[in-house]
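Letter by letter, the chains look like this.
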Amino acid sequence: QQPVQSPQAVILREGEDAVINCSSSKALYSVHWYRQKHGEAPVFLMILLKGGEQKGHEKISASFNEKKQQSSLYLTASQLSYSGTYFCGTELPGSSNTGKLIFGQGTTLQVKP
Amino acid sequence: NAGVMQNPRHLVRRRGQEARLRCSPMKGHSHVYWYRQLPEEGLKFMVYLQKENIIDESGMPKERFSAEFPKEGPSILRIQQVVRGDSAAYFCASSPTSGRTEAFFGQGTRLTVV
């Protein structure tokens, strides 16, 4: 039931781009993306609600393919502040009224100068 | 508007003692979620509460763990007779509605059982 994220880890140079994928074996109601820095709380990035929806926040955007039960997070022109662990949290149709999230195992992103 | 407040930030308990973790949601939020995170792992859902009600406790261990969200005061996650395997970071999140909305996380309580 846990979504699978790929890659597990990625190292970038400042200014490079990265894509983080999140795949589920179950139909999805929504996908939530969070970033967590070591020892800190997860910080909300964005939520995707509709099939094929794409959202953006500055240089971070995401897509949600409801049919394929997949979401991807796109980080363009990465900055040092993007370093951290990225989690996708999935909401399943059966839990659509609770907000309960099933999180992936995380993707660790390290941006180097 | 203060964020989600959790205390204590760090808690050390000896095996067999009780641990009480507190979470005050953001103002205006009546939906509270507890997640557990083991080192180098993702967040695992434990329980979802609204004021005075447990809505979904499918992620809670059957024994020793309990949660409440009283009409007044913070939500409490209680772990009785702690064991070494309970050592983890426990995060609380709150949201203004249930489902398909942003959840705000607290800083977490890091429980160490010695």
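All of the points below concern the structure found in this document. (Residues numbered from 1 in each chain as written. Chains lettered and ligands numbered in written order. Predicted model: local features only at pLDDT ≥ 70, side-chain atom pairs only at ≥ 80, totals over all residues. Heavy atoms only, no water.)

1. So, the overall build of chain B
Link 1 in the chain: From N to C terminus, chain B includes 0 helices and 11 strands.
Link 2 in the chain: Along the chain direction, N to C, the helices and strands of chain B fall in the order β-β-β-β-β-β-β-β-β-β-β.
Link 3 in the chain: The globule rule puts the C-alpha radius of gyration for 114 residues at 13 Å, and the 13 Å found for chain B is close to it.
Link 4 in the chain: Along the three orthogonal principal directions, the C-alpha set of chain B runs to about 35 × 25 × 25 Å.
Link 5 in the chain: Out of the 114 residues in chain B, the part that is buried amounts to 44%.
Link 6 in the chain: In chain B, of all internal contacts separated by at least 6 residues, the share reaching a separation of at least 24 is 52%.
Link 7 in the chain: Summed over its atoms, the accessible surface of chain B is roughly 5,700 Å², and 46% of this surface lies on carbon and sulfur atoms.
Link 8 in the chain: Seen as two clouds, the 17 positive and the 11 negative side-chain charges of chain B have centres 5 Å apart. (Helix = DSSP H or I, 4+ residues; strand = E, 2+ residues; numbered from the N terminus. Rg over C-alpha atoms; globule rule 2.2 N^0.38 Å. Buried < 20%, exposed > 50% of the residue type's maximum accessible area, 1.4 Å probe, protein only. Contact = heavy atoms within 4.5 Å. Areas by Shrake-Rupley, 256 points an atom, 1.4 Å probe, with all protein chains shown as cover. Lys, Arg positive; Asp, Glu negative; His and termini not counted. Charge placed at Lys NZ, Arg CZ, Asp CG, Glu CD.)

2. Looking at the pairing of strand 3 (residues 19–24) of chain B
All names here are of chain B.
Link 1 in the chain: Side-chain alternation along strand 3 places Ala19, Leu21 and Cys23 on a buried face and Arg20, Arg22 and Ser24 on a face that remains uncovered.
Link 2 in the chain: As defined by bridge partners, strand 1 (residues 5–7) adjoins strand 3 across 3 bridges and the pair is classed as antiparallel. Directly across from Gln6, in strand 3, lies its bridge partner Cys23.
Link 3 in the chain: Across 5 bridges, strand 3 lies against strand 8 (residues 75–79) in antiparallel orientation. In the strand pairing of strand 8, Ala19 is matched with Ile79. (Pairing = 2+ DSSP bridges.)

3. Concerning the state of the cysteines
Residues and elements named next belong to chain A.
Link 1 in the chain: Enumeration over the complete set of coordinates arrives at 2 disulfides over all chains.
Link 2 in the chain: Paired through a disulfide, Cys22 and Cys88 show a sulfur-sulfur distance of 2.0 Å. An S-S torsion of about 70° defines the bridge between Cys22 and Cys88 as right-handed. Placement of Cys22 in strand 3 (residues 18–23) and of Cys88 in strand 9 (residues 84–91) is noted, with a sequence separation of 66 residues between them. (Disulfide = S-S within 2.5 Å.)

4. A short note on the interface of chain B and chain A
Link 1 in the chain: Each partner contributes to the interface: chain B provides 24 residues, whereas chain A provides 24 residues.
Link 2 in the chain: When the two sides are added together, the surface that chain B and chain A hide from each other amounts to roughly 1,900 Å², 56% of it contributed by carbon and sulfur.
Link 3 in the chain: It is Leu43, Arg100 and Phe105 of chain B in chain B that bury the most area against chain A; as a group they hold 34% of the surface buried on that side.
Link 4 in the chain: Counting the contacts that link chain B with chain A gives 1 salt bridge.
Link 5 in the chain: With a shortest N-O distance of 3.8 Å, Lys100 of chain A and Asp56 of chain B are connected by a salt bridge.
Link 6 in the chain: The tally of links from chain B across to chain A stands at 5 residue pairs in polar contact (both at pLDDT 80 or more).
Link 7 in the chain: Elements represented by at least two residues in the side of chain B that touches chain A include exactly strand 4 (31–37), strand 5 (43–50) and strand 6 (53–56) of chain B.
Link 8 in the chain: Of the residues forming the side of chain B that touches chain A, the biggest block, 4 residues, is contributed by strand 5 of chain B. (Buried area = accessible area lost by both parts, 1.4 Å probe. Salt bridge = Lys/Arg side-chain N within 4 Å of Asp/Glu carboxyl O. Polar contact = N/O pair within 3.5 Å; in protein donor to acceptor, adjacent residues only side chain to side chain.)

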